[in-house]
Amino acid sequence: MTQRMIEITSPVFFPLPRDPQPGADLAALFPEKQPLVLEIGCGIGDFIVQLAARRPELNFLAIDIYNKGCFKTCNRVERAELSNVRVLRAEARYLLTHYLAPESLAAIYINCPDPWPKKRHRDRRLVRREFLQTALYYLRPGGDFYFSTDFQDYAEDVAALLPEMAGYVNVLDRPLVTELPGYPLSKYMRRFLQQGQPIHFIHYRRNPQLAPETIAPPAIDPGFRLNWRRVEHV
Ligand SMILES: C[S@@+](CC[C@H](N)C(=O)[O-])C[C@H]1O[C@@H](n2cnc3c(N)ncnc32)[C@H](O)[C@@H]1O
């Protein structure tokens, strides 16, 4: 079944420019020049609205590949009258590698990404070694990487990968926690918590001492969802 595309005319929504220029100034989408934060898979936007309201000194890009999710996020951002959030319909790896400059992000947030629970679908998960390497390249020194999931197996996989990767340092005293005080709850988090299921949180940071030349530019495999790009400009 194909879903009807909702036309998004919100002033906080920005279609990606057709000709990507790595490092093109997405920061220019915002009225204030402030550090840039990315939320990947913003869903209906409830997380970003809470976070952006608490952190007016930061600019937030909320992205999702889901047209209706972008629409709902825009409505929420407008209702909250936030000038520090912009919404893009974009695939995470595509946006990073085609539109952002290295070291341009103060933080990346990923909440309850699609878990792909079946073993044979694990390679469809967004957060794997290649992605973490890519994220490192776009985080500024000291930039934060937050990951949360209801899916324990996904959390354990990511928690096992990060310590193996030069360039990341754990901000927490454990690989995983089930409470992160002050962290806003997203729709999916709330749903799972109400069902009595814990949310697993990971918070790492790009090592501020890491020499930029030691980070390889991203070599992203074509991977699942990357041909999504074709529908982006409809
Ligand atoms: C399970 S939902 C979680 C939504 C929200 N983060 C929350 O916690 O309520 C995952 C979201 O990520 C989006 N998504 C999945 N893969 C993506 C990708 N590669 N790039 C951008 N968004 C993606 C989906 O469209 C969906 O809206």
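Residues numbered from 1 in each chain as written. Predicted model: local features only at pLDDT ≥ 70, side-chain atom pairs only at ≥ 80, totals over all residues.

Q: Would you mind going over the overall build of the chain in detail, with residue names and values included?
A: Of the regular secondary structure elements, the chain holds six helices and seven strands. Going residue by residue from the N terminus, the α and β elements of the chain occur as β-α-β-α-β-α-β-α-β-α-β-α-β. Here the C-alpha radius of gyration of the chain, 17 Å, is about what a compact globule of 234 residues would show, namely 17 Å. Principal-axis analysis of the C-alpha atoms gives the chain an extent of 45 × 45 × 35 Å. A burial count over the chain gives 36% of its 234 residues as buried. Partitioning the intrachain contacts of the chain with sequence separation of at least 6 by distance along the chain shows that 80% fall at a separation of at least 24. (Helix = DSSP H or I, 4+ residues; strand = E, 2+ residues; numbered from the N terminus. Rg over C-alpha atoms; globule rule 2.2 N^0.38 Å. Buried ≥ 20, exposed ≤ 12 C-beta atoms within 10 Å, placed from the backbone. Contact = placed C-beta atoms within 7 Å.)

Q: Mind laying out the nonpolar core, listing which residues take part and the relevant values?
A: Of all hydrophobic cores here, the largest spans 57 residues; its most connected members are Ile48, Ile63, Leu95, Leu105 and Ile108. Excluding anything up to four places from it in sequence, isoleucine 48 contacts Glu39, Cys42, Phe60, Ala62, Thr73 and Val85. (Core = buried A, V, L, I, M, F, W, Y, C linked by C-beta atoms within 7 Å.)

Q: Residue-level account of the sheet that holds strand E5 (residues 139-149), with values.
A: The seven strands are arranged E3-E2-E1-E4-E5-E7-E6 in an open sheet whose pairing can be described as mixed. Whereas interior strands pair on both sides, the edge strands pair on one side only; in this sheet they are strand E3 (85-89) and strand E6 (168-170). Within the sheet, the average angular offset between the axes of one strand and its neighbour, ignoring direction, is 20°. For E5 and strand E7 (residues 200-206), the ladder comprises six bridges, and the chain directions are antiparallel. (Pairing = 2+ DSSP bridges. Axes fitted to C-alpha atoms, helices over the stretch in contact; angles between N-to-C directions.)

Q: Can you lay out unusual backbone geometry for me, pointing to particular residues and giving the numbers?
A: Although it is not a glycine, glutamate 81 sits at a positive phi angle of roughly 55°. Although it is not a glycine, cysteine 112 adopts a positive phi angle of roughly 45°. Locating cysteine 112 in the fold gives a position in the loop between strand E4 (105-111) and helix H4 (129-138).

Q: So what about helix H5 (residues 152-161)? Which residues, and what values?
A: Turning to H5, its buried residues number three or more, namely Tyr154, Ala155 and Val158. All buried residues of H5 project into a common sector of 100° when viewed along the axis, lining one side. Check the buried side of H5 and you find it contacts E5 and E7. (Arc of directions from axis to C-beta.)

Q: Quick rundown of the confidence of the model for the chain? Include the residues and the values.
A: Low pLDDT means the predicted atomic positions in that stretch should not be read closely. In this model, the chain carries an average pLDDT of 91, and 91% of its residues clear a pLDDT of 70 or more. Under a pLDDT of 50 for its full length, residues 228-234 has, in the predicted model, nine contacts with residues more than four places off or in other chains. (pLDDT = per-residue confidence, 0-100.)

Q: Can you tell me about the site of the ligand, naming the residues and giving the values?
A: In the vicinity of the ligand lie 20 residues, with Gly41, Gly43, Cys112, Ser186 and Tyr188 positioned nearest. Top element by residues in the shell around the ligand is helix H6 (residues 187-194). It accounts for three residues. Of the residues assigned to the shell around the ligand, the class counts are ten nonpolar, five polar and five charged. (Near = placed C-beta within 6 Å. Nonpolar A, V, L, I, M, F, W, Y, C, P; charged D, E, K, R; others polar.)

Q: Can you explain the packing of helix H3 (residues 92-99) against H4? Please cite residues and give values.
A: Taken N-terminus to C-terminus, the directions of H3 and H4 make an angle of 40°; their axes are 11 Å apart at the nearest point. Comparing their axes, H4 and H3 come out oblique. Handedness of the crossing formed by H3 with H4: left-handed. Contacts between H3 and H4 involve Arg93, Leu96 and Thr97 from the former and Phe131, Thr134 and Tyr138 from the latter. Taken together, the residues of the contact of H3 with H4 sort by class into three nonpolar, two polar and one charged. (Parallel < 35°, antiparallel > 145°, perpendicular 65-115°, else oblique. Left-handed = near helix turned anticlockwise from the far one by under 90°.)

Q: So, the environment of valine 49: which residues are in play, and what are the values?
A: In this fold, valine 49 is placed in helix H1 (residues 46-54). A tally of 23 C-beta atoms within 10 Å means that valine 49 is categorised as buried. Among residues more than four places away in sequence, those in contact with valine 49 are Arg76, Val77, Ala80 and Leu82.

Q: Residues and numbers for the environment of leucine 161, please.
A: Locating leucine 161 in the fold gives a position in helix H5. The sequence separation of leucine 161 and arginine 129 amounts to 32 residues, and the corresponding C-alpha distance is 6.7 Å. Non-local contacts of leucine 161, meaning those with residues more than four positions away in its chain, are made with Arg129 and Leu132.

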